[in-house]
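This is what each chain is made of:
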Amino acid sequence: MKIKAITFGIAAAALGVLGACSAQAQSVGEQEYMRSCATCHGVDGTSNTPFSDLLTMAPPDLTTLAGSNDGVFPMLEVIHLIDGRSGLRGHGSEMPIWGDRYSNDADLAGTYGAELIVRGRVLELAEYLASIQQ
């Protein structure tokens, strides 16, 4: 189990470096995706990643969310799933609750400022996901 965790950590760091190298050409949402999501969901959002063997639950293809919803990107549902603090747990317990993690990063902004930062990061990420729909 430790080997999986170490390998997963190395993979996440490698993807982070790759994301940082091309950060200038990326939107804020794409940068957030590369930092927070690409390890599990793949760089292109199709969940085609060499690290999927390390996961106990297969992550969904994020490029087909609109197609699975009659051609309409389910923005609010996606925001709730990313944020995770609303009680909706569509990923079971496998996906991290990013709202809590982002909130920890924003603690210096005070209660209301931290909430604005969290919501902004989640919205930027959801907007990026909307932009990669097939």
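Residues numbered from 1 in each chain as written. Predicted model: local features only at pLDDT ≥ 70, side-chain atom pairs only at ≥ 80, totals over all residues. Heavy atoms only, no water.

S.K.: What should I look at first to understand the pattern of salt bridges in this one?
M.R.: Two side chains that carry opposite charge are able to pair once their charged atoms sit near each other. Scanning all chains against the criterion turns up three salt bridges. With its nearest N and O atoms 3.0 Å apart, the salt bridge here joins R35 to E32. Residue R35 and its partner E32 are both found in helix α2 (residues 28-36); the two are separated by three residues, about one turn of the helix. You can call E32 buried: its relative accessible area is 2%. Notably, a salt bridge pairs R121 with E32, separated by 3.0 Å at the nearest N-O pair. In this pair, R121 is assigned in helix α6 (residues 110-131) and E32 in helix α2, connecting sequence segments 89 residues apart. Via salt bridges that share partners, E32, R35 and R121 belong to a single interconnected network. (Salt bridge = Lys/Arg side-chain N within 4 Å of Asp/Glu carboxyl O. Helix = DSSP H or I, 4+ residues; strand = E, 2+ residues; numbered from the N terminus. Buried < 20%, exposed > 50% of the residue type's maximum accessible area, 1.4 Å probe, protein only.)

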